[in-house]
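Listed here are the chains, written in short residue letters.
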Amino acid sequence: MILVINCGSSSVKFAVMEPLEQVMLVSGLAEKLGSDGAEIAIKIGVQKNPTPRRSWKDASGSLIKIEDYQKEVYQLGNGGHTEALAKLVEVLKAHGLLNELTAVGHRVVHGGSYFSDSAVITPEIIEKVTECNVIAPLHNPANLLGIEVATQQLPNLPQVAVFDTSFHQTMPDYSYLYATPRSWEKEHHVRRYGFHGTSHRFIAIKTAELLNKPLSDLNIICAHMGNGSSICAIKGGESMDTSMGFTPLPGLIMGTRSGDIDPALITYMAERLNTDAQGVIDILNKKSGLLGVSELTNDMRELTEAATKGHEGAQLAVEMFCYRVAKYVAEYMVPLQRLDALVFTGGIGENSAIVREKVLAHLRFLGFIVDPAVNDKTYGGKTTVITTAGSTRAMVVNTNEELMIAMDTHQLTRTSGAVKSVSFENY
Ligand code: ADP
């Protein structure tokens, strides 16, 4: 079993996964770490009756079925990451799960240009991840803290880093470079890195399996649409282009991020708002996107509901969101030339029939014809093709970043046995 950790500055998300059975046994969140009200909530899978673990998956194949979990919540005083992980270790021990752990997999946001794959953590790897702090000051220090604390708490387990950026290292230079002075890249690491790579990679593998095609022959566009959204052109299983950049700010319209804007707006608005460049960037990250446009909420479910009731801001935000996604899909036909499927994933992609329908309506010229009967019923964990027979294919596939991290961690740390390819057949 693999402990998967996603460490933020004041939170830790975690899961215990069995990668070969593709089952999540524990999941949870520690939050408000380092301040009053710090707490950890742990959901532990309960084997009611002697039900085999696999039955914890619901009919659609989703890994988590909340009803099957018992929730334990503990206050941590104003404890930090160390106290949170210590409590998690204690609880796992009490449930007999601690001894079953074989490794820890960490989500690490930025691997810079160093990492094109996941890596077993060694002092050299820590050094390289630390070097990436300069280009990911908001995320990587927290990820490093998670690695340090997990190593203290579980000193006998190997630790693995799985990077959000590594999948995109296959982008060609004409795709990842900005048209800025070359010295910016050479001296200051300025280039597009892309994020959400763990999700895009999972979707590529899973789609290849669903379409019964070798990954090396699979061309898809993956639209990961959640609170953060990005889109990726994947050719032969490799990322060719993606919409996020040096940071996760550009590209699609997101919950609170603007996505693409004219960079000259930054100094212009700094002056107008009597702030500095960072002040404007903060607004572009936290008060823009669906929230900024709708002046209502960053939540797509609420927006689509408000839009149908006539809220103009919500209608505009939904239209802008869908138009931007469609424009990127059309653009990404350039690196792909041939498309096996447009795949929708993430909270919005998996659940919002309206958004998918609007995106596909813009893309009629590429041969997409949505099947409303199927599309309207596709939510809550269903994986299916949502276009008619004869249409260019669009599908919904559920992403699972924790499983991808657990699978990588398992692959890299397995100590015995023949190398088995990890399959999704049970997923
Ligand atoms: P994160 O990027 O934080 O992981 P998620 O992938 O969970 O986010 O996606 C969250 C988004 O998915 C929210 O905007 C939420 O409203 C949207 N969403 C979830 N369910 C639905 C639904 N049924 N209809 C429309 N949007 C939905």
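Report on the accompanying structure. (Residues numbered from 1 in each chain as written. Predicted model: local features only at pLDDT ≥ 70, side-chain atom pairs only at ≥ 80, totals over all residues. Heavy atoms only, no water.)

1. Remarks on unusual backbone geometry
Positive phi, close to 60°, is recorded for His196, a residue that is not glycine. Looking at the secondary structure, you find His196 in the loop between helix H5 (182-188) and helix H6 (197-211). At Glu295, a position not held by glycine, the phi torsion is positive, near 55°. Its place among the elements puts Glu295 in the loop between helix H9 (289-294) and helix H10 (300-308). (Helix = DSSP H or I, 4+ residues; strand = E, 2+ residues; numbered from the N terminus.)

2. Digging into the site of the ligand
Around the ligand, the neighbouring residues are Gly226, Asn227, Gly228, Asn298, Asp299, Met300, Arg301, Gly346, Gly347, Ile348, Asn351 and Ser352. Residue Gly228 places a main-chain N or O atom 3.4 Å away from an oxygen atom belonging to the ligand. The backbone of Met300 places a nitrogen or oxygen atom 3.0 Å from an oxygen atom of the ligand. Contact with the protein chains hides 68% of the accessible area of the ligand, taken as 580 Å² for the molecule alone. Residue assignment for the shell around the ligand shows that the elements contributing at least two residues are H10 and helix H13 (346-351). Ranked by residues supplied to the shell around the ligand, first place goes to H13 with four residues. In terms of residue class, the shell around the ligand is made up of two nonpolar, eight polar and two charged. (Near = heavy atom within 4 Å. Polar contact = N/O pair within 3.5 Å; in protein donor to acceptor, adjacent residues only side chain to side chain. Areas by Shrake-Rupley, 256 points an atom, 1.4 Å probe, with all protein chains shown as cover. Nonpolar A, V, L, I, M, F, W, Y, C, P; charged D, E, K, R; others polar.)

3. Focus on the packing of aromatic side chains
The description of an aromatic ring pair rests on the distance of the ring centres and on the angle between the ring planes. Per the stated rule, a full pass over the model turns up four aromatic pairs. Their ring planes at 15° and their centres at 4.2 Å tell us that Phe115 and Phe163 sit as a pair that is stacked. Of this pair, Phe115 sits in the loop between strand S6 (103-108) and strand S7 (119-120) while Phe163 sits in strand S8 (residues 159-163), placing them 48 residues apart in sequence. The buried category is assigned to Phe115, whose relative accessible area is 6%. Here Lys128 stacks its cationic end above the ring of Tyr114, 5.5 Å away from the centre of that ring. Positioned above the aromatic ring of Tyr176 is the side chain of Arg191, whose terminal nitrogen or guanidinium carbon lies 3.6 Å from the ring centre. (Phe/Tyr/Trp six-rings, centres within 6.5 Å; stacked < 30°, edge-to-face > 60°. Buried < 20%, exposed > 50% of the residue type's maximum accessible area, 1.4 Å probe, protein only. Lys NZ or Arg CZ within 6 Å of the ring centre and 35° of its normal.)

4. Focus on the pattern of salt bridges
One side chain can pair with another of opposite charge once the charged atoms of both are near each other. Counted under the stated rule, the structure contains ten salt bridges. A salt bridge links Asp340 to Lys213; the nearest nitrogen and oxygen atoms lie 3.1 Å apart. Residue Asp340 is found in the loop between helix H12 (333-336) and strand S12 (341-345), and its partner Lys213 is found in the loop between H6 and strand S9 (219-225); the two are separated by 127 residues along the sequence. A relative accessible area of 11% places Asp340 in the buried class. Connected via shared salt-bridge partners are Lys213, Asp217, Arg338 and Asp340. (Salt bridge = Lys/Arg side-chain N within 4 Å of Asp/Glu carboxyl O.)

5. A word on a nonpolar patch on the surface
A cluster of nonpolar side chains, Ile261, Leu265 and Tyr268, forms an exposed patch at the surface whose accessible area comes to about 260 Å². Relative to the helices and strands, Leu265 is located in helix H7 (residues 264-272). On the accessibility criterion, Leu265 (35% relative accessible area) is partly exposed. (Patch = residues over 30% accessible without salt bridge, like charges linked within 9 Å, V, L, I, M, F, W, Y side chains within 5 Å.)

6. So, the pairing of S12
Within S12, five of the five residues are buried, which leaves the element mostly enclosed by the surrounding structure. Residues Ala341, Val343 and Thr345 point to one face of S12 and Leu342 and Phe344 to the other, with burial holding for every one of them. Alignment of S12 against strand S14 (residues 394-396), held across three bridges, turns out to be parallel. Among the inter-strand pairings, Val343 is bridged to a residue of S14, identified as Met395. (Pairing = 2+ DSSP bridges.)

The analysis is restricted to geometry; functional conclusions fall outside its scope.
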